[in-house]
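# Inside the fold
Next come the chains, spelled out residue by residue.
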2 protein chains.
Amino acid sequence: MPERIVVIGGNAAGMTAASRAKRLDPTLEITVLEASPFISYSICGLPYYLYGLVERHEELISFTPEELLSRRGIRSRLRVRAEELRPAKRTVLCVDLESGREFELEYDRAVICTGYLPRAAGIEGDQLDNVLTVSRLEDGLHIRHRVETQKLRRVAVIGGGYIGLMMTHGLRTLGLEVLLLERRSHVFRQVEPVLAEIIQEELRCQGVRLVLDCPIRRLQGEHGVLKGVEVEGQMEEVDLALLDVGVRPNADLALASGIPCGVSGAIQVDERGQTAVAGIYAAGNCAETRHLVSGKPIYSTLGTTAARQGRVVGENLAGRRSRFPGTLETSVEKVFDLCVARTGLTLSQAHRSGFQAATVFITHRDRAGYYPGSRELHVVLVFEKESGRLLGGQMVGGDSAGKRIDTLVAALTAGLSLQDLARLDLAYAPPFGTLWDPLQVAAHVGLRQVES
Amino acid sequence: MPERIVVIGGNAAGMTAASRAKRLDPTLEITVLEASPFISYSICGLPYYLYGLVERHEELISFTPEELLSRRGIRSRLRVRAEELRPAKRTVLCVDLESGREFELEYDRAVICTGYLPRAAGIEGDQLDNVLTVSRLEDGLHIRHRVETQKLRRVAVIGGGYIGLMMTHGLRTLGLEVLLLERRSHVFRQVEPVLAEIIQEELRCQGVRLVLDCPIRRLQGEHGVLKGVEVEGQMEEVDLALLDVGVRPNADLALASGIPCGVSGAIQVDERGQTAVAGIYAAGNCAETRHLVSGKPIYSTLGTTAARQGRVVGENLAGRRSRFPGTLETSVEKVFDLCVARTGLTLSQAHRSGFQAATVFITHRDRAGYYPGSRELHVVLVFEKESGRLLGGQMVGGDSAGKRIDTLVAALTAGLSLQDLARLDLAYAPPFGTLWDPLQVAAHVGLRQVES
């Protein structure tokens, strides 16, 4: 009898695990359970769908269930939620969300890929109509539908993290008035304040009304419908509010099944993706991971981390001995005309991880000054004061930042120092760069702090 | 009395050495001698000047002699050629190329940065008028002047290396008919044939008449003026011929001064840039270097290598103990709408260096398929068969290739393997990349050869 694998969750981690396992061992009988009506979609593509750069939401979907079956031999069941894994019997208790009917499914090995959930906002009024979070494709469809049918004029985005910035970009590009309300002194704390200020300048230039140091505790409604939000003592009327006040690992299934979570609150797994319960793996934004620089267990919400964990679990399901070394939390995001890229530890993360760290910040051209289209690239490097060892890096600038960051990813992974970075034989031609690459210029400047 | 430094040659290596030394030790009295009428210019910018994307040649010049003196405190003398260094007396015998007058200059330490020379073509007729090589800014001015005043219609570019491709791009963009004649079976042997074929396809699409396997031994002239070139048995009339049949290190001064060259024919230097003669350094495209992967001495003609060697010599002049570890011969070039980037060893270079090497070739999207502007990126990785250790890599595609190659530069420098590359936490967002980066896809495919 073929071995039966149940994969719970059909996005980055789950789809990658299922596909990789099936590819390496076609005898596996794999079923993917997904609570939502969609599998295998790109949540990162939502802002572009929102403002119509991507016209149809179907373009964001890599595989329909039919394609998944015909092209990869993997079955999937949508609108099915797994309630509990019963390792003693090797069954999973499910509920069909259409009919409400419960049923049990047998498995030999299972993979939990239940992703994340928007964190309970703790904001009074967060249950009002027109107050939404964005964590799934349906949320995007829902928002676009409202935008198209309700003649929205003014939107409040509460929280300036990844999702808040993504949504601000999407909604403002649609021509809506956007109030971006951030409780901290800077947006996007994945980069240093000096870079956050450049992002903030761009937001303002694009006509976003940005209010910092602005915690929101209450949304005002009438008859269950959102009416406004209090900003700096004034009630601002808005037609829609999007909440980006954080996410948490969706570990409910694990907890219901007696599978322990780690210090980060996400499901504890070893390097092979194995939970504390034999035969049950976890991967993606419900599972814990390790930071490659600090070595500490962390919770990552990135799709890239999810896919990489999923791949490792898929290989282990197929009998290989794969391990996931950890994440640098590398990310890149388009914020209007800016590309914001980062990897490794920020300065405050480095301090919290026990490093004696420092930063260097430079601004340099991204290609020869005389070459048309040349623009500024802002670079921060985070490094260990004594040794010059790289701990992290961030860039804000034109499109090239989106892949320039990968140079730092390789450097961080290999444990290179500022001195090593300064010596790299990086590429140069006038349309693509400068004789001394901005990363090297940053390393040269940073080295003054190391050497003195 | 201040220490007197003579730097012979005022471009990438010489200017960098002089500037770095003066910055670290302002007491040094530095004089730069330059045989041509220009210092401190970007030879890589020539094609863009040729077709007017860069309007004035002055834009390609970083420093005039006046600016060099006022802003950096470095003196320079143009149109002065150094004929011989006399280490016993610590003088350099010079000739003023304007007056023909010889004179001796005293120095305490000297740096030879005489760059490269176009190789003697060995082509009958290479002395005809309208037969040119391109190695200096003057050559570019000369060509543009001819283009503007002579109503050129048809140009033959002989040799499809860096310079040949650069010139083909520049002249074709001007609307001229270009015959590109390459003696080998593929253009640009710094990349594998599979990528050269993509470049060749682009050349043909852009209306270049490309003829491969076409060695040129004779140019036909009349009254000392070029008339035509024989191509596949037919005489083709052309108004101008540009020769790119190789370059050689300009080691004439070193040889005249008893300073030995290495196996590559370039001036032998140690890691600090010191020649075999005390007090005399060499850097740039006249000096030998070491390949970072093979460890072997090589001759590099890249401006980046020159600048890096110059920087190291500048630091050593100022009393630091800097060393230049070597080069990966990283380069990037724009060939019409293609970006061609490479680093490390090609397969044949790897074989010649004694590696048991293999390659993998893949084609992947450079950003999310649904994101506008997404296009194909072609990637080759060269690796050691048994260990999977990376030896080199090449890319052809859109602009992003120009800095994506730097990920491989860091990986190669750190000695990473395909397995390491596959695991890198590279950046992803739909406008900038794909969930699995093309480099990772290549690594995944390549690993099948390593594992089997």
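For the structure given in this document, a descriptive report is provided here. Nothing here was measured: the structure is a model prediction, and the numbers come from that model.

Comparison of the two chain copies shows a relationship of rotation about an axis with a shift along it. The transform that puts chain A on chain B rotates by 180° and translates by 0.0 Å along the axis, for an RMSD of 0.0 Å. On the angle and the small slide along the axis, the relation comes out as a two-fold axis. The position closest to the rotation axis in chain A is occupied by the C-alpha of A:Thr407, lying 2.1 Å away. By residue overlap, the copies meet face to face through one surface: 100% of the interface positions of chain A are interface positions in chain B.

Each partner contributes residues to the interface: chain A has 60 residues there, and chain B has 60 residues. In total, chain A and chain B occlude about 5300 Å² of area from one another, counting both sides; carbon and sulfur atoms represent 63% of this. When the buried surface of chain A facing chain B is broken down by residue, A:Lys403, A:Asp425 and A:Phe432 rank first, second and third, together holding 16% of it. On the surface where chain A and chain B come into contact, there are four salt bridges. Inspection of the region where chain A meets chain B yields 26 residue pairs in polar contact (both at pLDDT 80 or more). Sorting the residues of the side of chain A that touches chain B by element identifies helix H1 (12-24), helix H8 (303-317), strand E21 (331-335), helix H10 (401-413) and helix H12 (438-451) of chain A as the ones contributing at least two each. Looking at the side of chain A that touches chain B element by element, the count peaks at 10 residues for H10(A). Here the side of chain A that touches chain B is built from residues that sort into 29 nonpolar, 13 polar and 18 charged.

Time to look at empty space enclosed by the protein. Within the structure shown, the criterion is met by two cavities of 30 Å³ or more. Each pocket or cavity is described by its volume, and for the largest cavity that value is around 60 Å³. In terms of lining, the largest cavity is formed by A:Pro118, A:Arg119, A:Thr133, A:Val134, A:Ile163, A:Leu243, A:Asp244, A:Val245, A:Gly246 and A:Val247. When its residues are assigned to classes, the lining of the largest cavity shows six nonpolar, two polar and two charged. One number sums up the size of the second largest cavity: a volume of about 30 Å³. As for the second largest cavity, its lining consists of B:Pro118, B:Thr133, B:Val134, B:Ile163, B:Leu243, B:Asp244, B:Gly246 and B:Val247. Among the residues forming the lining of the second largest cavity, the class breakdown is five nonpolar, two polar and one charged.

This part is about the sheet that holds strand E18 (residues 280-282) of chain B. Residues and elements named next belong to chain B. Strand order in the open sheet formed by five strands is E3-E2-E1-E7-E18, with parallel pairing between adjacent strands. Looking at which strands have only one partner, the edges of the open sheet turn out to be strand E3 (75-78) and E18. Across the sheet, the axes of successive neighbouring strands diverge by a mean angle of 20°, strand direction being ignored. Here strand E1 (residues 4-8) runs beside strand E2 (residues 29-34); their pairing, made up of five bridges, is parallel. Each bridged residue has a counterpart across the sheet, and for Ile 8 the counterpart in E2 is Leu 33. Strands E1 and E2 of the sheet are contacted by helix H1 (residues 12-24), whose axis makes an angle of about 170° with E2.

Attention now moves to the sheet that holds strand E22 (residues 338-344) of chain B. All names here are of chain B. What the five strands build is an open sheet, ordered E21-E22-E25-E24-E23; its pairing is antiparallel. Looking at which strands have only one partner, the edges of the open sheet turn out to be strand E21 (331-335) and strand E23 (357-365). Adjacent strand axes in the sheet meet at a mean angle of 15° when their direction is disregarded. As defined by bridge partners, E21 adjoins E22 across five bridges and the pair is classed as antiparallel. By the bridge assignment for E22, Glu 333 is matched with Val 340.

Moving on to the packing of aromatic side chains. One pass over the structure, following the stated rule, counts eight aromatic pairs over all chains. Residues A:Tyr371 and B:Tyr48 carry aromatic rings whose centres are separated by 5.1 Å and whose planes lie at 90° to one another, so their mutual orientation is edge-to-face. One end of the pair, A:Tyr371, is in the loop between strand E23 (357-365) and strand E24 (376-384); the other, B:Tyr48, is in helix H2 (residues 46-50), on a second chain. Across the pair, exposure class does not vary: A:Tyr371 and B:Tyr48 are buried alike. Arranged with centres 5.0 Å apart and planes meeting at 80°, the rings of B:Tyr162 and B:Phe188 form a pair that is edge-to-face. Placement of the pair is B:Tyr162 in helix H5 (residues 162-173) and B:Phe188 in the loop between strand E11 (177-181) and helix H6 (193-205), with a sequence separation of 26 residues. The same class applies to B:Tyr162 as to B:Phe188, namely buried. Taken together, A:Tyr48, A:Tyr51 and B:Tyr371 form an aromatic cluster joined through their ring pairs. Lying across the ring of B:Trp436, A:Arg311 places its NZ or CZ 5.5 Å from the centre.

For residues that are not glycine, phi is negative in most cases, and the peptide bond is trans in most cases. Residue and element names in this part refer to chain B. One non-glycine residue, Lys 151, lies in positive phi territory at about 50°. Tracing the chain through its elements places Lys 151 in the loop between helix H4 (137-149) and strand E10 (154-158). The phi dihedral of Phe 336 is positive, around 55°, even though this residue is not glycine. In this structure Phe 336 comes out as buried when scored by relative accessible area, which is 8%.

A few words now on the pairing of strand E1 (residues 4-8) of chain A. Residues and elements named next belong to chain A. Of all five residues in E1, five are buried, a share of seventy percent or more. A two-sided burial pattern is seen for E1, the buried positions comprising Arg 4, Val 6 and Ile 8 on one face and Ile 5 and Val 7 on the other. Note on the crossover from E1 through H1 to strand E2 (residues 29-34): the handedness is right-handed. Sheet topology places E1 next to strand E7 (residues 109-112); four bridges connect them, and they run parallel. Residue Ile 5 lies in a different strand from E7, and its bridge partner there is Arg 109.

Here the focus is the packing of H1(A) against H8(A). Residues and elements named next belong to chain A. Relative to each other, H1 and H8 sit at 30°, their axes nearing to 7 Å. Viewed along their axes, H1 and H8 adopt a mutual orientation that is roughly parallel. In this structure, H1 crosses over H8, and the sense of that crossing is right-handed. Across from Ala 12, Ala 13, Thr 16, Ala 17, Arg 20, Ala 21 and Leu 24 in H1, the residues of H8 making contact are Gly 303, Ala 306, Ala 307, Gly 310, Arg 311, Val 313, Gly 314, Glu 315 and Leu 317. Looking at the contact of H1 with H8, its residues break down into nine nonpolar, four polar and three charged.

Right, let's talk about helix H6 (residues 193-205) of chain A for a bit. Residue and element names in this part refer to chain A. With 13 residues, H6 extends 18 Å from end C-alpha to end C-alpha; this agrees with the ideal 18 Å at 1.5 Å per step. Residues Leu 195, Ala 196, Ile 198, Ile 199, Gln 200, Glu 202 and Leu 203 constitute the buried set of H6. Just downstream of H6, Gly 207 is the residue with a positive phi angle, here 85°.

The next point concerns the packing of H10(A) against helix H10 (residues 401-413) of chain B. Two numbers describe how H10(A) lies on H10(B): the axes approach to 7 Å, and their chain directions differ by 5°. Of the possible angle classes, the one that applies to H10(A) and H10(B) is roughly parallel. Within the contact between the two elements, H10(A) uses A:Lys403, A:Arg404, A:Asp406, A:Thr407, A:Ala410 and A:Ala411 and H10(B) uses B:Lys403, B:Arg404, B:Asp406, B:Thr407, B:Ala410 and B:Ala411. Here the residues of the contact of H10(A) with H10(B) are counted per class, giving four nonpolar, two polar and six charged.

The subject of this paragraph is the environment of B:Pro26. Residues and elements named next belong to chain B. Turning to its location among the elements, Pro 26 is positioned in the loop between H1 and E2. A residue is classified by how much of its surface remains accessible, and Pro 26, at 56% relative accessible area, is exposed. Counting along the chain gives 48 residues from Pro 26 to Ile 74, while the straight-line C-alpha distance between them is 9.8 Å.

Residues and elements named next belong to chain A. Topologically, Glu 202 is positioned in helix H6. For the buried residue Glu 202, which engages in no salt bridge, the nearest side chain bearing the opposite charge is Arg 375, 6.2 Å off. If sequence neighbours within four positions are ignored, Glu 202 has contacts with Val 335, Phe 336, Asp 337 and Leu 338.

Rules used throughout
Residues numbered from 1 in each chain as written. Chains lettered and ligands numbered in written order. Predicted model: local features only at pLDDT ≥ 70, side-chain atom pairs only at ≥ 80, totals over all residues. Heavy atoms only, no water. Least-squares fit on C-alpha atoms with pLDDT ≥ 70 in both. Contact = heavy atoms within 4.5 Å. Buried area = accessible area lost by both parts, 1.4 Å probe. Salt bridge = Lys/Arg side-chain N within 4 Å of Asp/Glu carboxyl O. Polar contact = N/O pair within 3.5 Å; in protein donor to acceptor, adjacent residues only side chain to side chain. Helix = DSSP H or I, 4+ residues; strand = E, 2+ residues; numbered from the N terminus. Nonpolar A, V, L, I, M, F, W, Y, C, P; charged D, E, K, R; others polar. 1 Å grid on protein atoms, 1.4 Å probe; cavity = no way out; pocket = protein on both sides within 12 Å on 5 of 7 lines; lining within 4 Å. Points joined across faces, edges and corners; volume = space filled by probe spheres on them. Pairing = 2+ DSSP bridges. Axes fitted to C-alpha atoms, helices over the stretch in contact; angles between N-to-C directions. Phe/Tyr/Trp six-rings, centres within 6.5 Å; stacked < 30°, edge-to-face > 60°. Buried < 20%, exposed > 50% of the residue type's maximum accessible area, 1.4 Å probe, protein only. Lys NZ or Arg CZ within 6 Å of the ring centre and 35° of its normal. Right-handed = clockwise from strand over helix to strand, strands pointing away. Parallel < 35°, antiparallel > 145°, perpendicular 65-115°, else oblique. Left-handed = near helix turned anticlockwise from the far one by under 90°. Expected span 1.5 Å × (residues − 1). Lys, Arg positive; Asp, Glu negative; His and termini not counted.

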